[in-house]
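Examining the three-dimensional arrangement
Residue-level listing of the chains:
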Amino acid sequence: MFPFKKRRSALVGFVPGDTWVHMLDPRTKLFAIVVICLATLAVTSPSLMAVPFLFVILLTLVSHLGRHLLRALAAFSPLLAVILILDLFFAAVEPGTLYASVNFGFFTLDFYSGRLLFALAMGLRLLSIAAISLLFIMTTDYSAFVRSLKAMHVPDSISFSLGYALRSTTTMWKDAHHIADSQRSRGLEFDRSVLTKNRNRLMALTVPVAVSVLNRSGKVSESMLSRGYGYSERPTYHNTPEFSMYDAILILSLCNMLMVEYICIIYSG
Amino acid sequence: MAASNIIEVTNLSFTYPRTVSGRAITALSGVSLGIRQGEMVVITGPSGSGKSTFCRCLNGLIPHVQRGSMSGDVVVAGMNTKNHFITDYSPVVGLVFQNPDDHLVAGDVDSEIAFGPEQMGWDPAAIEEGIRTTVRALGIGHLRGRPVEELSWGERQRVAIASATVINPRILVLDEPFSGIDETGSNILLNFLSSLNADQKTTIIIVEHRMDRIFSIACRMVEFINGKIVYDGEGSQFFRSRRIDRTTVQPVDDTNYGCEPVSGGPAPVISLRHITYSYPGSLSPSLSDVNLDFYPYEITFIKGPNGSGKSTLIRHLNGILTPDSGEVLLLGQPVRGKTIASLSRTVGTLLQHADYQLFEETIAEELAFAPNNFGIPEDEISTRSRRVSDDLCISHLGSGTPPLSLSAGEKQRVAIGGLLMMDTPVIAMDEPTIGLDMELKSRLADLMKKYRDHGTAVIIATHDREFSTLCADRIVRMSGGSITADYRVGNGKRVVPQGYADFAGSR
C-alpha cells in the first residue's frame, strides 16, 4: 500500500513535543548542525566518526523521535546505498588488505580493508549529517526558528523565506496527503507497484501538489502583507528567544566533543 | 467623498486576466458604495458574484498584488488604493480570508495572533495583553500554544479572526466567517462582532450566505449579482422583500423535532463497530468506541462542535483512515485490507477543502476523473457530465475552464460534481455547502433527496443548520469523538420502497 495510509504524520516535518531538544533555542540547534558537520568532515577514521554519530543518536533518543527519524532516513537509503557502493569499490584511498574477490566475467569486484573502512566512515558521516539536519527540522517550530533568526539580526525577508521553507516541509507533505486521499477517493489506484509502472499516475499527484505549494506561497505572502509585514522598520517579538541551561549544556558538550576529537587526531598522528 | 464615509468606492470595475481557456472573468462592474465609520454591513449574493473580489479591493490587494484590469477608485480611510500600498492599510483594515489556510502564516496559535502586532512594533507586554483579551473574547483560550496544523477548520477560522482583530483595526472585513464554525462559536463570534461595533465603533463588513447567522446583526445589506450591486439598504427591508423572517432563518432546533431513536429497519450499507482512532502524537482519541449504522434511502447529518470527530468519521467510511481498533463493514463485509480506490466504487467521498479536490486542468477533465478510473465508456461519461453540470448549475462555467480559477462556491460545486459523477450507492460529504448561497443549497438539498429516493445512503457532516433543515432524515450528534445522540427527524419514519432486498446486489 501507499506508505502513508496507516499513519498520517509527515515524513519530514515538525513533530510537536515537549522534550528538552524541542525546547532548545533554534540557534543552539543550528550550532549543533555546524559542529556535527565539522566533526564528521574533519576526520576519515570510522572510530573517530563514531563520536559525533553517537552524539546524534543520544540527541535522537532524548527527543523521543527515533521512530520518526528512522522512517525519514529510510527514504534516503537508496542514495546512501549508492554512495556506499561507490566508496566500497572505487574510492581513491589506500586499498589495504584484499579480503575477497568476486569475478563477474568481464569485471572483478575486490573487497579491500582500506576501502571498507572508508565506506563505513562515509556512511557514518552521511548518516550523522542527515540525522542532525532531520532532527533540527523535526524539533524546530517554524515560528521559533523565524524569531531566532530575527534575533540574530538576519534580514526579515531572509528569516521569513527560510522559515517558510522549513514550514513547507510539513505543509507540502500534508497537501500531498489531501490530494492523494481525494484522488484515491475518486478511484485512482495509488499502490506503489502501480506508481512505478505508470508514471502518469505519479504526475497526477506531483503536478497538483506543486500547484498547491505555489498557490499557498502566494496566498501566505498576501496575508503577510495584509497583516502588516514591512509596516514597521523595527518589528518586535512577542516571545524573545532566550538561552536556557539546556542550551548551555548542549553547547558545552558539543565543544567538548570537538576538543576530544581534536586531541584524538593529534595523538593518532 | 462624503465626509463621514470611511470607505468610498466609485465606479469600481475589475476583470481577472484571461485563463488558458481564453475566458476573462469580469468580477466587478461599476460598483459604487459608501460606508460610514461604525457601520455594520452584510454583503450577500450568489456564489461567484464578486463579493470576495470586492473585499480584496478594500486593502489594496487589488490592484497591487492581484493581476487584472481595474478601473474606478477605492478610497479607504482617506487613502486611495491606487496610490497607497497594502502595508499602509494594515493597521486600518483587518481582512480575514474565506479560507483560513490562506490567512495563517505562523506555526502556533500565539505566534499567529502576535504576527500583526509584532510587525507593527508593539511592545511585547502589549502584544501579550492583546492576545489574552482577544482569545478570551472569542472563546479560544484553550487553543493557545497549539500548533496551527493540528487545529480543525473551524478552530483555524477563529484563530484567523483573532489575528485580524487583535490590532483593533478601524475596519474589519470578514469573508464568510461562519462557514466552518460551530453553533457555540458562531454565537460567541456574533456577540464579539456586535460589541466591537458598538463599543469601539469598528466598521464591520461581513460577506455571508447564511441568513440564520447574520439576521440579528444585519443593519445594512448589500447584495451583489454578476458583479453589480442590486440592493443596498436596510437589513430589515431586505429580509421583508425576500419574505425572510426570524422563523425562516432560524431553523427549528433539531433537538426539538418529534424524533425517534434509531433502531431496527433494513440492513445498513455501512456499519461502524467500536471504532477508536487517534491521530499520531495526539493525547486523546479523535473517535472513541463509535458504533453507527448508515442506511439506504436515508440522508444522515453528522453534527457537532469543531474538533468533535466529524471529519475523522467521514474519513473512515472509505478507508482513508484505518481505525486503531474496531472495524468498518461495507455491505456486511469488513473494509480492512481493501484499497481506497476499490472502496470508492461503493462509497463516494467528498472531503473538506475544494482546493484539494480539484487537480485537473479543466472542469470537463475534473468531472471525468473518477469515471475514467472506473473504466466507464466515453458516451456514458458525457451523459453523466451533462446531467451533473445541469444539476449543479456549472454548465455556464465552460467545460474548458481551469477549476482552480473559479470562485469558492463554484469550486465547491465542481468538486461535488466530481463526486456525483461516480454514481455510488453511498455518498459521504464533509462540509459541502461552504461558499454556496441559499438557492444553491436548496438545489443541492433537492438533489440529495432525489439520490436518497433512488436508494442512495447520503451522509453529510456539517455545521450548516439551514442545509440540514432542508433535507435531514436523521441527525447524529458527536462530541469529543463519541456519539451523543442519534435520532430521526420529522415523523421519524423511513420510507423504503419495495424491492429493497435487491438493493445490495443491484448496485
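Quick caveat: nothing in here was measured; it's all calculated off a predicted structure.

Some remarks on the side chain of B:Gln157
- Within the secondary structure layout, B:Gln157 lies in helix H7 (residues 153-165).
- Excluding residues that lie within four positions of it along the chain, B:Gln157 makes contacts with B:Gln98, B:Pro100, B:Glu176, B:Pro177, B:Ser179, B:Gly180 and B:Ile181.

Focus: the sheet that holds strand S9 (residues 220-225) of chain B
Residue and element names in this part refer to chain B.
- What the 6 strands build is an open sheet, ordered S6-S7-S8-S3-S9-S10; its pairing is mixed. In this open sheet, the two edge strands, each paired with only one partner strand, are strand S6 (93-96) and strand S10 (228-234). When strand polarity is set aside, the average angle formed by the axes of neighbouring strands in this sheet is 15°.
- Where S9 meets S10, 6 bridges bridge the pair, whose relative direction is antiparallel. Following the sheet pairing, Arg220 is matched in S10 by Glu234.
- H7 contacts S6 and strand S7 (171-175) of the sheet and is inclined by roughly 170° relative to S6.
- Taken strand by strand, helix H8 (residues 183-199) contacts strand S3 (40-44), S7 and strand S8 (203-207), and its axis lies near 150° from that of S8.

Description of the interface of chain B and chain A
- Counting residues at the interface gives 71 residues for chain B, matched by 53 residues for chain A.
- Here chain B meets chain A over a buried area of about 5300 Å², counting both sides, of which 53% is carbon and sulfur.
- Between chain B and chain A we count 7 salt bridges in total.
- Note that B:Glu149 and A:Lys174 form a salt bridge whose closest N and O atoms lie 4.0 Å from each other.
- On the surface where chain B and chain A come into contact, there are 24 residue pairs in polar contact (both at pLDDT 80 or more).
- Among the secondary structure elements, those contributing two or more residues to the side of chain B that touches chain A are helix H3 (86-89), helix H4 (100-103), helix H5 (109-119), helix H6 (124-138), helix H13 (340-343), helix H14 (354-357) and helix H15 (363-374) of chain B.

Remarks on the packing of aromatic side chains
- Counting across every chain of the model gives 10 aromatic pairs over all chains.
- Considering the side-chain rings of A:Phe160 and B:Phe115, the 5.8 Å spacing of their centres and the 70° angle between planes classify their relative orientation as edge-to-face. With A:Phe160 in helix H8 (residues 156-185) and B:Phe115 in helix H5, the pair connects residues from two separate chains.
- Ring plane angle 65° and centroid distance 4.7 Å describe the contact between B:Phe359 and B:Phe369, whose orientation is recorded as edge-to-face. Separated by 10 residues along the polypeptide, B:Phe359 in the loop between H14 and H15 and B:Phe369 in helix H15 bring together distant segments of the chain.

Considering the pairing of strand S1 (residues 5-15) of chain B
Residue and element names in this part refer to chain B.
- Among the 11 residues that make up S1, 8 are buried, leaving the element largely enclosed by the rest of the structure.
- In this sheet, strand S2 (residues 26-36) lies alongside S1 in antiparallel orientation, the contact comprising 7 bridges. Bridge assignment links Glu8 to a residue of S2, and that residue is Gly34.

Looking at helix H2 (residues 26-41) of chain A
Residue and element names in this part refer to chain A.
- Spanning 16 residues, H2 covers 22 Å between terminal C-alpha atoms, matching the ideal 22 Å at 1.5 Å per step.
- Turning to H2, its buried residues are Pro26, Arg27, Thr28, Lys29, Ala32, Ile33, Val35, Ile36, Cys37, Ala39 and Thr40.
- In this fold, the buried residues of H2 make contact with helix H1 (20-23), helix H3 (46-63), helix H6 (113-139), helix H7 (142-151) and helix H11 (245-267).
- Between a side-chain oxygen at the N-terminus of H2 and the backbone nitrogen of Arg27 the separation is 2.7 Å; the capping residue is Asp25.

Here's the deal with the domain arrangement of chain A
- Under the domain assignment used here, chain A contains domain 1 (1-140 + 242-269) and domain 2 (142-237).
- The straight-line distance from the C-alpha centre of domain 1 of chain A to that of domain 2 of chain A is 27 Å.

Observations concerning H6(A)
- With 27 residues, H6(A) should reach 39 Å at 1.5 Å per residue; the first-to-last C-alpha distance of 38 Å fits that figure.
- Across the 27 residues of H6(A), 19 count as buried, placing the element largely inside the fold.

Calculation criteria
- Residues numbered from 1 in each chain as written.
- Chains lettered and ligands numbered in written order.
- Predicted model: local features only at pLDDT ≥ 70, side-chain atom pairs only at ≥ 80, totals over all residues.
- Heavy atoms only, no water.
- Helix = DSSP H or I, 4+ residues; strand = E, 2+ residues; numbered from the N terminus.
- Contact = heavy atoms within 4.5 Å.
- Pairing = 2+ DSSP bridges.
- Axes fitted to C-alpha atoms, helices over the stretch in contact; angles between N-to-C directions.
- Buried area = accessible area lost by both parts, 1.4 Å probe.
- Salt bridge = Lys/Arg side-chain N within 4 Å of Asp/Glu carboxyl O.
- Polar contact = N/O pair within 3.5 Å; in protein donor to acceptor, adjacent residues only side chain to side chain.
- Phe/Tyr/Trp six-rings, centres within 6.5 Å; stacked < 30°, edge-to-face > 60°.
- Buried < 20%, exposed > 50% of the residue type's maximum accessible area, 1.4 Å probe, protein only.
- Expected span 1.5 Å × (residues − 1).
- Domains from an automatic or database assignment.

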